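# A look at the structure
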Amino acid sequence: MPGSRLIIDDELTPVISAIGIAVTHPGEMTSAFAAYMLTSTQRRFERETGPDGQKWKPLARRTAMQKIRGKRRGTANMLRVTVRLYSSLVAHSDDRSAEVGTNVEYAGPHQFGGEITQYARSQRASFKRIRKRYRFVRPGTKGAEQRNITIGEHRIKIPARPYLGFNEQDRTELVAIGQEFLERRAAP
C-alpha cells in the first residue's frame, strides 16, 4: 500500500521519541497523528500541491479537452474527477505507528510518476468527409463509413503529482499534537 508512515522509534526527532517512551499506551496519540495526516493529505488534493508546497504539473491539453459525462473535463480537480483515489485514502494507527495510504492500483504512478505502454492494436473507426478532410465521428453518424485502423504502440508519460508525505508544517503540528497529549495525561 503506497502511503505515508510515522513510526515512533529512536531515529525520529527527540521530542516524538520522548513522547513515545513516556506513554505506555500511545494509541490515542497515534490515532490523532493518523487523523491529522489524513486531513493534511486530503488538503493536498484540494490545493493540488505536493508536500513540498509545489503545484502539480498541469494536465495536458488533450486530457483537459476530453469529455466526461458529456462535459469537457477542464483543468480543475486533478486526480479527483471520479474521486476514487481521493476517497480511497485511509488512516490506520496502533500503539506504535500511524499511517495514511491507499490500495488503488494507480496510486503509485500518480505519486511517483511513470510511463504506461499502450500496445499496438487494430479496431474499427467511423470517418466522415467534412470540409474536404476525413474526420473521426461517432459510430452510426449519417454518411459515416467504417474503416479498420491500426494504432501503433506508444507510451504515455504520467508526471509525478505527490500527495503523500510530510512538510515542516506537518512535523510541527505532529509535535504539537504529541505535546498536547502529554499535557493532558500529566494534568491531575
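These numbers come from a predicted model, not from an experiment. (Residues numbered from 1 in each chain as written. Predicted model: local features only at pLDDT ≥ 70, side-chain atom pairs only at ≥ 80, totals over all residues. Heavy atoms only, no water.)

## Observations regarding the pattern of salt bridges
How we decide: Here, a salt bridge means any Lys or Arg side-chain nitrogen found within 4 Å of an Asp or Glu carboxyl oxygen. In this text, helices come from DSSP runs of H or I with a minimum length of four residues, and strands from runs of E with a minimum of two, each type numbered from the N-terminal end. Residue exposure (1.4 Å probe, protein chains only): buried if accessible area is under 20% of the type maximum, exposed if over 50%, otherwise partly exposed.
One pass over the full model with this rule turns up 5 salt bridges. Salt-bridge contacts for R44 lead to D170; the nearest nitrogen and oxygen are separated by 2.4 Å. Remark: D170 occurs in helix α6 (residues 168-186) and R44 occurs in helix α2 (residues 27-47); sequence separation between them is 126 residues. D170 sits in the buried class, given a relative accessible area of 3%. The shortest N-O distance in the salt bridge between R171 and E168 comes to 3.6 Å. One end of the pair is R171 and the other is E168, both in helix α6 and 3 residues apart, which spans about a single turn. Classification of R171 as partly exposed rests on a relative accessible area of 41%. In this structure E168 comes out as exposed when scored by relative accessible area, which is 56%.

## As for the confidence of the model for the protein chain
Just so we agree on the cut-off: pLDDT is a residue-level measure of predictor confidence that goes from 0 to 100.
Confidence in the prediction of the protein chain, expressed as mean pLDDT, is 83, and 85% of residues score 70 or more. No element of the protein chain has a lower mean pLDDT than strand β1 (residues 3-7), which averages 59, and none a higher one than strand β4 (residues 90-93), which averages 92.

## Structural notes on α2
Let me state the cut-off plainly: Multiplying 1.5 Å by the helix residue count minus one yields the expected span of that helix.
Here α2 is 21 residues long and its end C-alpha atoms lie 30 Å apart, about the 30 Å a rise of 1.5 Å per residue gives. Looking only at α2, the buried set comprises M29, T30, F33, A34, Y36, M37, L38, S40, T41, R44 and F45. Among the residues trailing α2, E48 stands out with phi positive, at a value near 55 degrees.

## Things to note about the nonpolar core
We apply this condition: The definition of a nonpolar core used throughout is a set of buried Ala, Val, Leu, Ile, Met, Phe, Trp, Tyr and Cys residues joined through side-chain atoms within 4.5 Å.
One finds F33, F45, W56, L79, L85, L89 and Y163 to be the most contacted residues of the largest nonpolar core, which totals 23 residues. Mapped by element, the contributors of at least two residues to this core are α2, α4 (84-87), β5 (97-101) and α6. Residue contributions to this core peak at 7 residues, all from α2.

## Description of unusual backbone geometry
If you check the backbone angles, E48 has positive phi at about 55 degrees while not being a glycine. With respect to the element layout, E48 can be found in the loop between α2 and α3 (61-65). Positive phi outside glycine occurs at K132, with the angle close to 65 degrees. Note on placement: K132 falls in the loop between β7 (121-130) and β8 (133-137). The exposure class of K132 is exposed, given its relative accessible area of 75%.

## Describing the side chain of T49
Heads up, the condition is: Should any heavy atoms of two residues lie within 4.5 Å, those residues are counted as being in contact.
Relative to the assigned elements, T49 resides in the loop between α2 and α3. Here T49 falls in the buried class, since its relative accessible area comes to 14%. Apart from residues no more than four positions distant in its own chain, T49 is found in contact with R44, Q54, K55, W56 and P162.

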